[in-house]
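The lines below spell out each chain.
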Amino acid sequence: MPLQSWSFGQTEIDTPCGNSLSEQDNTYSPSRLLELLQQAEKTGSPEAECYDSLYRSLFFPSDSLQYEYHKARLRMVLYSGKTEVIEGVLDEYKSLADKTNSVQIKGGYWLSRGNAYFANGEKSLAESAYRKAIVFFDQAEDQRRLYLVYSNLSMVYLYSKKYEAAYQYLLLSQQLAGKTETLISEQEKAVVLNNIGLTYLRRDMYQVADSIFTEVREKASAIEDGAYPMVLSLINQIEVAGLQEDWERGEALLEELDLYMEEFNYLLPAYTEAAFRIYLGKQQYARAEYVLDSLRRYELNKRTSLSYDFYFMKIEYHLALNQPDQALAAIDLAEGLAREDAQSRVALSESRVKALLLKGDAGLASIEMRELGRRHNAFRHLSKQLRVEEMAAIYELETFKNQRDQAERVAQAAELRATLLERNRLYLGAALLFAIAALITLGMLLRSNQKRVAEARAKAQAARKHSEQLDKQLKVQRQNALQSGIGAAQLKNNAMDAIERYESNPSLLKRKLSVLIHDYTEKTDFVEPFLLSYPGFFKSLSEKAPDLTKTQLRYAILIALGASTMEIASTQGVSEKAVNMARYRLKNKLELDNELGLEPYLRHLLLE
């Protein structure tokens, strides 16, 4: 086949991609080539390889265009189910992320990595990847992708049964969307609201959940692309009706849901579970069997085996019809699929007890009751562990939000300070002009008093020099104080290293620690030299608070010298929380009210 010549941007190339590149495509963007690549992948066309090579040869020198390629390529692989090539695609994506300085690209890699983990059922790895993505997107101030990560992370927590953590991240998604009008579509907002309702449902708060799902349906009916959130909310409301044994309402909702299911056939598993509960509750066993059979055909068409959910509904069906043998057979098949799920193992054991009692086998039922007790204990232990992990995730989220809020406050304060400095500079300039004018006028009026004017100028210059010397002295004192703190942090590190190295030899460890402490106290204590240089500061401070400890005095000196919380924490080898607590206690001892800041007060004492 002859090669055809085409122009991509400014590049003339020859391509063997057949006739897919029409005359109107002789010049187009990278996005057009990616579109052709996705179409070829979707249809299984052999030209996909040609488009892939073409994009690489033309656009890979650009990191941003390479980034767009990797995002699109990973979506193709995930949607096509070609799990065997996912790692290869991600490894290539990682190479780009490692070499680039773009936090956007680094965040994109970890978002994609998290999506791949989540699709493979590796929820803990997905959680870790999404958290790394949050850090990079937050640095890039990419609100849209932050929203995506928050939403995906909330789904990880939903599937991990950490419903409180899922709720917190969904609220964060909702708040982020509320700050920017065009950040997400109305459909996405409705889906987030539906998922918030789902967290209430999973925590057995049925009335709150049902009211939220009703709100979702109202929003969905008012937007053009509202079918998807409408289906989700209907499925969830049917589940609520089943849990509340409101069979009539559940059946009415099912009739409404049936209108959408042809378009959303991929939601058949969720639909089946909701419908099955209603039909079983109404004792409409033929309909229950029909939806189960539909799910069986759907699952076998998608994969080679049936799911745990299918078998568990089958168990409930046979128990409802008093068919213990069939129920026991389904339980045996489900056991192999529930090995990692403690809650499912409890449910299967309970079902086995019911089936054995129906069969009249009290002996085996008694044995299974003991197994049920063991499984209950394992489930309670796992629930406690999940709760600890969930609280850790919530704590980490709160810490992140506090740090972000603090960063915003610092930025706002810096901006305000810059504005004030600029305004002060203007005022000082005007004052200087007035002063010059006054000096000129004074010189013209009081020529006979030139010597006094010269003396006044000399005094002003001397005052400036004194002020500069004082500033330099304060900087040196501050550096010495901070360096002393660095010595404290180094002492801590050296001590930990000595403990680890000489743990087996206590006497040698004791000597090593004594040497370290002696060296530290000899070299790093800055308090006494400082007080010798500024006796007035110590006197004023002692009059105000005579019971100050040496540690509190050390913090007072560092604060007076203008050291930030972060600087004090890093140099003194403590946490920022500990520094903030020390500030609070100092303020209480000095009996300062809320309107008078600690740092201005200490600075005033220092410069008196």
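In short, a report on the structure. (Residues numbered from 1 in each chain as written. Predicted model: local features only at pLDDT ≥ 70, side-chain atom pairs only at ≥ 80, totals over all residues. Heavy atoms only, no water.)

1. Quick look at the overall build of the protein chain
A tally of helices and strands in the protein chain yields 26 helices and two strands. When burial is assessed residue by residue, the protein chain has 39% of its 608 residues classed as buried. Across the protein chain, every contact between residues at least 6 apart in sequence was considered, and the portion connecting residues at least 24 apart equals 56%. Carbon and sulfur atoms make up 53% of the accessible area of the protein chain, which totals about 35,300 Å². (Helix = DSSP H or I, 4+ residues; strand = E, 2+ residues; numbered from the N terminus. Buried < 20%, exposed > 50% of the residue type's maximum accessible area, 1.4 Å probe, protein only. Contact = heavy atoms within 4.5 Å. Areas by Shrake-Rupley, 256 points an atom, 1.4 Å probe, with all protein chains shown as cover.)

2. Side note on the environment of Tyr159
Tracing the backbone shows Tyr159 in helix 7 (residues 143-159). Take Tyr159: its relative accessible area is 55%, and that puts it in the exposed class. With 41 residues separating them in the primary sequence, Tyr159 and Phe118 have C-alpha atoms 9.8 Å apart. Here Tyr159 is in contact with Phe118 and Lys123, once residues within four sequence places are set aside.

3. Digging into the nonpolar core
Generally speaking, soluble globular proteins have nonpolar side chains that are buried together. Grouped together as the largest cluster of nonpolar side chains are 48 residues, with contacts concentrated most on Leu257, Phe276 and Ile315. Setting aside residues up to four positions removed in sequence, Leu257 forms contacts with Val231, Leu234, Ile235, Ile238 and Tyr271. Ranked by size, the runner-up nonpolar core spans 39 residues in total, among them Ala129, Leu170, Leu193 and Leu198. (Core = buried A, V, L, I, M, F, W, Y, C linked by side-chain atoms within 4.5 Å.)

4. Re the pattern of salt bridges
For the coordinates displayed, the defined rule picks out 25 salt bridges. Taking the shortest distance from any N to any O, the salt bridge between Asp293 and Arg297 comes out at 2.4 Å. Linking Asp293 with Arg297, this pair stays in helix 14 (residues 285-302), spanning four residues, or about one helical turn. For Arg374, the salt bridge goes to Glu371, with nearest N and O atoms at 2.7 Å. Here Glu371 and Arg374 lie together in helix 18 (residues 362-445), a separation of three residues that amounts to about one turn. A network of salt bridges, in which partner residues are shared, links Asp332, Glu335, Arg352, Glu368, Glu371, Arg374 and Arg375. (Salt bridge = Lys/Arg side-chain N within 4 Å of Asp/Glu carboxyl O.)

5. With respect to the packing of aromatic side chains
Throughout the structure, instances matching the rule amount to 10 aromatic pairs. Taken together, a centroid distance of 6.1 Å and an interplanar angle of 35 degrees make the contact between Tyr228 and Phe264 tilted. Separated by 36 residues along the polypeptide, Tyr228 in helix 11 (residues 227-243) and Phe264 in the loop between helix 12 (247-258) and helix 13 (268-281) bring together distant segments of the chain. Overall, the relative accessible area of 7% leaves Phe264 in the buried class. Judged by centre distance (5.9 Å) and plane angle (25 degrees), the ring pair of Tyr308 and Phe312 falls under stacked. Taken as a pair, Tyr308 and Phe312 lie in helix 15 (residues 308-320) at a separation of four residues, close to a single helical turn. Neither Tyr308 nor Phe312 differs from the other in exposure class; each is buried. Among the aromatic residues, those joined into a cluster by ring pairs are Tyr93, Tyr109 and Trp110. One cation-aromatic arrangement involves Arg203 over Tyr167; the distance from NZ or CZ to the ring centre is 4.9 Å. (Phe/Tyr/Trp six-rings, centres within 6.5 Å; stacked < 30°, edge-to-face > 60°. Lys NZ or Arg CZ within 6 Å of the ring centre and 35° of its normal.)

6. Some points on the packing of helix 23 (residues 550-560) against helix 26 (residues 598-607)
Across the interface, helix 23 lies against helix 26 with an axial gap of 8 Å and an inter-helix angle of 90 degrees. Judged on the interaxial angle alone, helix 26 and helix 23 are roughly perpendicular. Residue-level inspection shows Ala556, Ile559 and Ala560 of helix 23 in contact with helix 26, the latter providing Leu598, Glu599, Leu602, Arg603 and Leu606. (Axes fitted to C-alpha atoms, helices over the stretch in contact; angles between N-to-C directions. Parallel < 35°, antiparallel > 145°, perpendicular 65-115°, else oblique.)

7. Re helix 10 (residues 206-221)
Here helix 10 contains 16 residues, and its C-alpha end-to-end distance of 22 Å stays within 8% of the 22 Å for a straight helix at 1.5 Å per residue. Turning to helix 10, the residues buried within the fold contact helix 9 (186-202), helix 11 and helix 12. (Expected span 1.5 Å × (residues − 1).)

8. Description of a nonpolar patch on the surface
A cluster of nonpolar side chains, contributed by Leu432, Leu433, Ile436, Ile440 and Met444, occupies part of the molecular surface with about 540 Å² of accessible area. Tracing the chain through its elements places Ile440 in helix 18. (Patch = residues over 30% accessible without salt bridge, like charges linked within 9 Å, V, L, I, M, F, W, Y side chains within 5 Å.)

9. Re helix 8 (residues 163-179)
In this model helix 8 runs 25 Å from its N-terminal to its C-terminal C-alpha over 17 residues, within 8% of the 24 Å that 1.5 Å per residue would give. Three or more residues of helix 8 are buried, namely Tyr163, Ala165, Ala166, Tyr167, Gln168, Tyr169, Leu170, Leu172, Ser173, Leu176 and Ala177.

10. With respect to unusual backbone geometry
Non-glycine residue Gln283 carries a positive phi angle of around 60 degrees. Here Gln283 is to be found in the loop between helix 13 and helix 14. One non-glycine residue, Asn322, lies in the positive phi region at around 55 degrees. Examined against the element boundaries, Asn322 turns out to sit in the loop between helix 15 and helix 16 (324-335). A relative accessible area of 54% means that Asn322 is categorised as exposed.

Coordinates in, geometry out; function isn't part of it.
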